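If you want the building blocks of each chain, they are given just below.
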Amino acid sequence: MPASITLSGLSYSTPDGRPFFDHLDIAFGAERTGLVGRNGVGKSTLIHLIAGELQPQAGSIAVAGRLAVLRQIVAPPPGMTVADLYGVREALALLDRAEAGEASLSELSAADWTLPARMEASLAGLGLAVAPETPLVALSGGQTTRAALAALTFDEPDMLLLDEPTNNLDRDGRRAVAELLAGWRGGAVVVSHDRDLLEGMDAIVELTPLGAGRYGGGWSAYRARKAVELAAARHDLDDAERRLAVERQAAQTQAERQARRAGAGARKGKKGDMPKIVAGGLARRAEETRAADARLAERRTAAATSAADEARKKLEILVPFSVSLPPSGLVADRLVLRLDRLSAGHGGEALVRDLTLEIRGPERVAVAGPNGSGKTTLLRTIVGDLAPLTGTIDRRVDFAFLDQRVSLLDDGETIRDACRRLDPDAGEEACRASLARFRFRADAALRTVGSLSGGERLRAGLACVLGRSRPPQLLILDEPTNHLDIESVETVEAGLRAYDGALLVVSHDEAFLAAIGVGRRVDLGGVREETRPA
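Calculation notes
- Residues numbered from 1 in each chain as written.
- Predicted model: local features only at pLDDT ≥ 70, side-chain atom pairs only at ≥ 80, totals over all residues.
- Heavy atoms only, no water.
- Helix = DSSP H or I, 4+ residues; strand = E, 2+ residues; numbered from the N terminus.
- Buried < 20%, exposed > 50% of the residue type's maximum accessible area, 1.4 Å probe, protein only.
- Contact = heavy atoms within 4.5 Å.
- Areas by Shrake-Rupley, 256 points an atom, 1.4 Å probe, with all protein chains shown as cover.
- Expected span 1.5 Å × (residues − 1).
- Pairing = 2+ DSSP bridges.
- Axes fitted to C-alpha atoms, helices over the stretch in contact; angles between N-to-C directions.
- Phe/Tyr/Trp six-rings, centres within 6.5 Å; stacked < 30°, edge-to-face > 60°.
- Lys NZ or Arg CZ within 6 Å of the ring centre and 35° of its normal.
- Salt bridge = Lys/Arg side-chain N within 4 Å of Asp/Glu carboxyl O.
- Parallel < 35°, antiparallel > 145°, perpendicular 65-115°, else oblique.
- Nonpolar A, V, L, I, M, F, W, Y, C, P; charged D, E, K, R; others polar.
- pLDDT = per-residue confidence, 0-100.

A. Local environment of the overall build of the protein chain. Counting its secondary structure elements, the protein chain contains 16 helices and 18 strands. Here the protein chain, with 534 residues, has 45% of them falling under the buried criterion. Partitioning the intrachain contacts of the protein chain with sequence separation of at least 6 by distance along the chain shows that 70% fall at a separation of at least 24. A total of about 25800 Å² of accessible surface is found on the protein chain, and carbon and sulfur atoms cover 51% of it.

Structure below.
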């Protein structure tokens, strides 16, 4: 039987009653499917439901074939090794006993002498050359993810469930994941914001508050179809708002006509032109007619309002984010940053050696290099969190640094308070306007920073930094797209495209770097500089 996952009438709500899915119907077959959607829509929850780690309130989940699930390993337990990812610690220990002549005959008959070579080939397929006994704490986050992927596919399951498999991976690691999936013959459901990875999918499934939609092809085909849907949604909203205006005008006209008739009848009654009993009957019928007409107009207006609201909700789901920002005032030839033979590292050990770099005007420069090459260390040294080991740093303009945690925001403060703290010269109205540009309107601006998702937190950081009355002339970003959904990534891109200052950014996301117009790259793998068209 071909591998498949079928969800029928699936409903699920969080313990506090927040609904995720309501009668969701969708099927995944023996193909590579990208699962996308906004933060909080339930993508990871759906993976947990399929894996059996959560139980739905209603509906059913049918799985044909063997599942394998990639789980993010944020902090590996002490003593956990690469062999533990594969679940072969005991099998390898048996081989060690056999080689030492300490295994029994029954144990020898169960020994798998091909296991070490197969594990080595499995790890090499994802660009790793590590021993099975290597502790996971000795690996970088990217190396751990690659080892987990190698272990996941080792026994050739029928269906893979992958939740953000390229997070924390450098360019080579991302390429290895894409190549693994390109050659995968079973089914795969991939939650990802990596648009390059999604380009290689056979289909895209999008989760929205309205349900799930399936789109054949990869990322480009999905985006093309979404553009058509966006145009249709705008047309539907225009139609719905026109109908609503017509119904409101018709209700007003009918009410005015009835009022005129009632006035004419009342005047006749006062003149005594008709018997009182007749006048009373006419008044009652007129009042009944007015009430019936009012109810009909109310129903028609309510229906038109509901249609307009539904069209507006659909458009809000589809519409791309855009933003306009105040100018930073940075001129083309102004010296922004100069590094002269800079060496940076920890405890006297240099990760970055003899780096010379100069940024002038609104240049956009990316710092590249494999995991562990010192990219974050370099940024922290530039902003002053670390002292340089050797060399000099010359910062000539005001700057802001957004790290992966956006730690310039305090968890206990509201977004509005953070905005006022970071831009003390701005008044309440200016602060609210800058937050509204990044979709923190009204009460949304009063949410505490600690309650925000990763994407919302970065968006709030950008709003507080770029939305100032005068934005900083240099913005330094460390892996800004990690852990963000695609909508949040595109929001960040829109904000950075509107920014007219200089950018220094660390990111492995090639689509993101292209979208924000990076024109120069510094590769710490070989400390070389590469210029590309912006």
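Past the structure itself, the notes keep going.
B. The arrangement of helix H15 (residues 486-498) in detail. Helix length check: H15 (13 residues) gives 18 Å between terminal C-alpha atoms against 18 Å at 1.5 Å per residue, within 8%. If you check which residues of H15 are buried, you get Ile486, Ser488, Val489, Thr491, Val492, Glu493, Ala494, Gly495 and Leu496.

C. Looking closely at the sheet that holds strand E11 (residues 349-360). The strand order across the open sheet built from three strands is E11-E10-E13, with neighbouring strands paired in antiparallel fashion. Either end of the sheet is taken by a strand with one partner, and the two such strands are E11 and strand E13 (390-395). Within the sheet, the average angular offset between the axes of one strand and its neighbour, ignoring direction, is 20°. Note that strand E10 (residues 335-346) and E13 share five bridges and pair antiparallel. Its bridge partner lying in E13, Asp340 is registered against Thr392. The strands touched by helix H11 (residues 375-382) within the sheet are E10, E11 and E13, with E10 carrying the most contacts at an inclination of about 125°.

D. Region of the structure containing the packing of aromatic side chains. Summed over all chains, the structure comprises five aromatic pairs. Consider the rings of Phe20 and Phe21, whose centres lie 6.0 Å apart with planes at 35°: the pair is tilted. Between the aromatic rings of Trp219 and Tyr222, the centroid separation amounts to 5.1 Å while the plane-to-plane angle is 40°, which identifies the pairing as tilted. Placement of both Trp219 and Tyr222 in helix H9 (residues 219-271) is noted, with a separation of three residues, approximately one turn of the helix. There is no split in this pair, since Trp219 and Tyr222 are both buried. Grouping aromatic residues by their ring pairs yields a cluster made of Tyr12, Phe20 and Phe21. The cationic tip of Arg459 hangs over the ring face of Phe440; the distance from NZ or CZ to the ring centre is 4.6 Å.

E. Main features of the sheet that holds strand E1 (residues 4-13). Taken in spatial order, the three strands of this open sheet run E2-E1-E4, and their pairing is antiparallel. Each edge of the sheet is formed by a strand with only one pairing partner; in this case those strands are strand E2 (19-28) and strand E4 (58-64). Taking the axes of each pair of neighbouring strands and ignoring which way they run, one obtains an average angle of 15° across the sheet. Here six bridges tie E1 to E4, and the two strands are oriented antiparallel to one another. Pairing of Ile5 across the sheet is with Val63, part of E4. On the sheet, helix H1 (residues 43-50) packs against E1, E2 and E4 and is oriented at approximately 115° with respect to E1.

F. Main features of the pattern of salt bridges. Applying the stated criterion across every chain, the model contains 27 salt bridges. A salt bridge links Glu358 to Arg360; the nearest nitrogen and oxygen atoms lie 2.9 Å apart. Residue classification places Glu358 among the partly exposed residues on the basis of a relative accessible area of 32%. Here Glu428 makes a salt bridge to Arg432, at a shortest N to O gap of 3.1 Å. Here Arg432 and Glu428 lie together in helix H13 (residues 428-437), a separation of four residues that amounts to about one turn. Look at Glu428 and you get partly exposed, because its relative accessible area is 29%. Arg432 gets classed as partly exposed once you look at its relative accessible area, which sits at 28%.

G. Structural context of the packing of helix H14 (residues 454-466) against H15. In the contact formed by H14 and H15, the axes pass within 10 Å of each other and the chain directions differ by 10°. When the interaxial angle is binned, H14 and H15 end up roughly parallel. Residues Gly455, Leu458, Arg459, Leu462 and Leu466 of H14 form the contact with H15, whose participating residues are Ser488, Thr491, Val492, Gly495 and Leu496. Class assignment of the residues belonging to the contact of H14 with H15 gives a composition of five nonpolar, four polar and one charged.

H. Region of interest: the confidence of the model for the protein chain. In this model, the protein chain carries an average pLDDT of 83, and 83% of its residues clear a pLDDT of 70 or more. Note on residues 527-534: pLDDT is under 50 here. Beyond four places in sequence and across chains, it has 24 contacts.

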